[in-house]
Amino acid sequence: MKRMFIAGQWVAAHDERSLPVHDPCDGAEFERIPRGGAADVDAAVAAARAALAGPWGRMTATERGRVLMRISKGIADDAEALAQIEARDTGKPLATARNDIAVLARYFEFYAGAADKVHGQTIPFAAGHQVLLLREPLGVTAHIVPWNYPAQMLGRTVAPALAMGNAAVLKPAEDTPLSALRVAEIAQAAGLPDGAFNVVTGLGEEAGAALAGHPGIDFVSFTGSREAGAAVQSAAARNAVKCVLELGGKSPQIVFADADLDRALPIVLRAIVQNAGQTCTAGSRLLVQQPIYEAFVGRVADGFARLAAGTPAMDLDCGPLMNTPQQRRVQGYIDRARAGGVAVLAEGRIADGVAASGHWVKPTLFGPVPREHALATEEVFGPVLAAMPFDDEADAVALANATEYGLLAAVWTDSGGRQLRMAKALKVGQVFVNGYGAGGGVELPFGGTKRSGHGREKGLLALEEMSNCKTVVLYHG
Ligand code: NAD
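Small disclaimer: the values here were computed from a predicted structure and weren't measured. (Residues numbered from 1 in each chain as written. Predicted model: local features only at pLDDT ≥ 70, side-chain atom pairs only at ≥ 80, totals over all residues. Heavy atoms only, no water.)

1. Focus: the domain arrangement of the protein chain
Defined as follows: Reported domain spans reflect what an automatic or database domain assignment gives. In this analysis, two residues are considered to be in contact whenever any of their non-hydrogen atoms come within 4.5 Å of each other. Two parts placed together each lose some accessible area; with a 1.4 Å probe, that loss summed over both constitutes the buried area. Salt bridges are defined as contacts in which a side-chain nitrogen from Lys or Arg sits within 4 Å of a carboxyl oxygen from Asp or Glu. By the criterion applied in these results, polar contacts are pairs of N or O atoms within 3.5 Å in which, for protein atoms, one can donate a hydrogen and the other can accept it, and in which residues neighboring in sequence qualify only through two side-chain atoms. Where helices and strands are cited, they refer to DSSP runs of H or I of at least four residues and of E of at least two residues respectively, numbered from the N terminus. Only Asp, Glu, Lys and Arg are considered charged in this grouping, and only Ala, Val, Leu, Ile, Met, Phe, Trp, Tyr, Cys and Pro are considered nonpolar; every other residue, Gly among them, is considered polar.
Considered domain by domain, the protein chain is made up of domain 1 (4-247 + 453-475) and domain 2 (252-442). Put simply, the middle of domain 1 and the middle of domain 2, counted by C-alpha atoms, are 31 Å apart. Counting residues at the interface gives 30 residues for domain 1 and 32 residues for domain 2. Of the roughly 2,300 Å² buried at the junction of domain 1 and domain 2 (both faces included), carbon and sulfur atoms supply 57%. Put simply, domain 1 and domain 2 have one salt bridge between them. The residue Arg226 makes a salt bridge to Glu404 at a minimum N-O spacing of 3.0 Å. Along the contact surface separating domain 1 from domain 2 lie 13 residue pairs in polar contact (both at pLDDT 80 or more). Put simply, the parts of the chain that give the side of domain 1 that touches domain 2 at least two residues each are helix H4 (79-90) and helix H5 (94-114). When residues of the side of domain 1 that touches domain 2 are assigned to their parent elements, the largest contribution, nine residues, is made by H5. Across the side of domain 1 that touches domain 2, the residue classes tally to 13 nonpolar, eight polar and nine charged.

2. Regarding the site of the ligand
The following threshold applies: Only a single heavy atom is needed: when it lies within 4 Å of a molecule or strand, its residue is near that molecule or strand. Accessible surface is estimated by sampling points in the Shrake-Rupley manner with a 1.4 Å probe; for residues, cover comes only from the protein chains shown.
As a structural note, the neighbourhood of the ligand is formed by 29 residues, with Lys171, Glu174, Ser225, Leu247 and Glu379 the closest of them. Within the contact set of the ligand, an oxygen atom lies 2.7 Å away from a side-chain nitrogen or oxygen of Lys171. Between Gly204 and the ligand, the recorded distance is 3.2 Å, taken from a backbone N or O atom to an oxygen atom. Starting from 850 Å² of accessible surface for the ligand in isolation, the protein chains cover 87%. Looking at the shell around the ligand residue by residue, the classes come out as 17 nonpolar, seven polar and five charged.

3. What about unusual backbone geometry?
Across the junction of Gly367 and Pro368, the peptide omega takes the value -10°, indicating a cis bond. Structurally, Pro368 is set in the loop between strand S17 (364-366) and helix H13 (374-377). Even without a glycine there, the phi angle at Ala7 is positive, about 55°. With respect to the helices and strands, Ala7 occurs in the loop between strand S1 (4-6) and strand S2 (9-11). Although it is not a glycine, Ala240 adopts a positive phi angle of roughly 55°. Residue placement: Ala240 occurs in the loop between helix H9 (226-238) and strand S11 (242-246).

4. Quick notes on the side chain of Asp100
Here Asp100 lies in helix H5. At 2.9 Å, the side chain of Asp100 and the side chain of Gln152 are in polar contact.

5. Describing the packing of aromatic side chains
Stated precisely, the cut-off is as follows: Two rings from Phe, Tyr or Trp (for Trp, the six-membered ring) form a pair when their centres are within 6.5 Å of each other. A pair whose planes differ by under 30 degrees is stacked, one over 60 is edge-to-face, and the rest are tilted. Exposed residues in this analysis have more than 50% of their type's maximum accessible area, buried residues have under 20%, and partly exposed residues fall in between, with area computed by a 1.4 Å probe over protein chains only. Two limits define a charge over a ring: the Lys NZ or Arg CZ must be within 6 Å of the ring centre, and within 35 degrees of the ring normal.
Scanning the entire structure with this criterion turns up five aromatic pairs. Between Phe110 and Tyr111 the ring centres are 4.9 Å apart and the planes differ by 90°, which places this aromatic pair in the edge-to-face class. Of the two residues examined, Phe110 and Tyr111, each falls in the buried class. Both rings, one in Phe432 and one in Tyr436, keep their centres 6.1 Å apart while their planes meet at 45°; by these two values the pair is tilted. Judged by its relative accessible area of 12%, Tyr436 falls in the buried class. In this arrangement the basic side chain of Arg336 is found over the ring face of Tyr333, its NZ or CZ atom lying 5.1 Å from the centre.

6. Overview of the sheet that holds strand S5 (residues 121-123)
As a reminder of what qualifies: Pairing between strands requires that DSSP locate at least two bridges from one strand to the other. Axis angles are defined between N-to-C directions and span 0 to 180 degrees, where every axis is a line fitted to C-alpha atoms and, for a helix, only to the segment in contact.
The three strands lie next to each other as S5-S6-S24, forming an open sheet whose pairing is antiparallel. Pairing within the sheet leaves two strands with one partner each, and these edge strands are S5 and strand S24 (467-475). On average, each strand axis in the sheet is inclined to that of its neighbour by 25°, with strand direction left out of account.

7. Observations regarding the nonpolar core
What counts, and what does not: We define a nonpolar core as any set of buried Ala, Val, Leu, Ile, Met, Phe, Trp, Tyr and Cys residues linked to one another through side-chain atoms lying within 4.5 Å.
Ile75, Phe108, Tyr111, Leu154 and Phe197 are the most contacted members of the largest nonpolar core, which has 83 residues in total. Counting residues per element, this core draws most heavily on H5, which supplies 12 residues. Within the second largest apolar cluster, 68 residues are counted, among which are Phe256, Ala387, Phe432 and Tyr436.

Following this line, the structure appears as structure tokens:
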């Protein structure tokens, strides 16, 4: 039985309740965590508030950066153990989990370096005056993260908050709480003062809701589903608290006839099968220009037929889905599309020897998918790719923008003018040209447009999101 981390102490839930943690590869319970509730969230928020009034709040930016750098080093030193924890918790291939931990360490490294580079400004003003813009921490920041990339999400949202001098309370997903608890241990050993970082484990509708609506928080960052995001934003609104929402996506890969198809092919495959498609930035729509549609989609189909899902130790292309509801949801999309007559162009396989009780789904390529079909417009959050032909640039833009989401897009073309025209016309938060970096690049500001959310994390912009600008007007005569 694990304990959670509040005020530098390892504690059970106030009422001693607990929750199981299941292995997605066989559905079996292998650990228990505290089922935190409102009283535990109260304690964590109070601890964070106290940290701001204590040694953490008094630390210089340079000292904070040094603590974050030690956390990064601690993560790197513990990388293999953390990767094993992450792989067990999520079912993802070990190679993917190892990469996730490298990215987690990189987040702390990046924001360690940034901590004392956040400088204010001065503004020319009336005679005899000087105006200063000060960047200050928001205070207590709340962070609610999903189960698909638990370690990466922690780094993405908590590292910039700490770099700015906030005190953080993290609510990991109930399915995947274990890497966060290990990182808390590492942070404590690295000298992070008590209360600066707290982890409350528990259910979304209990611990998560209590945290999002807590009157003692000053900011909430939420990554997850649209439904829970709406609940979090409403709770934040009641306290007039700033809220960053990172929700889903239906990201297009747009392949023009003049593209370097040899370069595009492996990246298109990886962008959907990575993490079994449970990636908000998964490249889940493949839009291909008419003259090369048959040939290129045929090559993608050959690649799909070679994909395989297996356990972390098998280290294949992907693992199982996270839990039973998720598996049923994704399999439901596949079954309904098949029954409705959408052609399956290829499917991958589930490796021999895996437990039948695991949450397995075969990677599946559909095409051509009708433009109004659910597979073309809704987020499946599984290894399912929808191929669709388009005519010309205008048609590609219309099709790419024809969902409620707007997170990421990739454009594959050798035409320089078209690269920039497409990048400008796409209603998304990030555009890749002749590449695709689902989740990559801690330096790159990231976030949604439309129903994919609002606010930006990653890069230096995250430091603006997680700070206040104070305007000081001085009259000196
Ligand atoms: P989810 O919304 O069910 O859960 C996410 C987190 O929110 C969990 O920690 C959960 O406990 C918590 N939560 C749930 N209900 C809550 C409530 N009422 N109040 C407060 N917290 C609550 O999402 P999920 O199923 O874990 O993740 C899948 C979804 O997340 C997908 O839609 C995916 O697109 C999205 N996602 C988005 C990004 C991004 O960066 N845009 C990244 C990863 C996942």
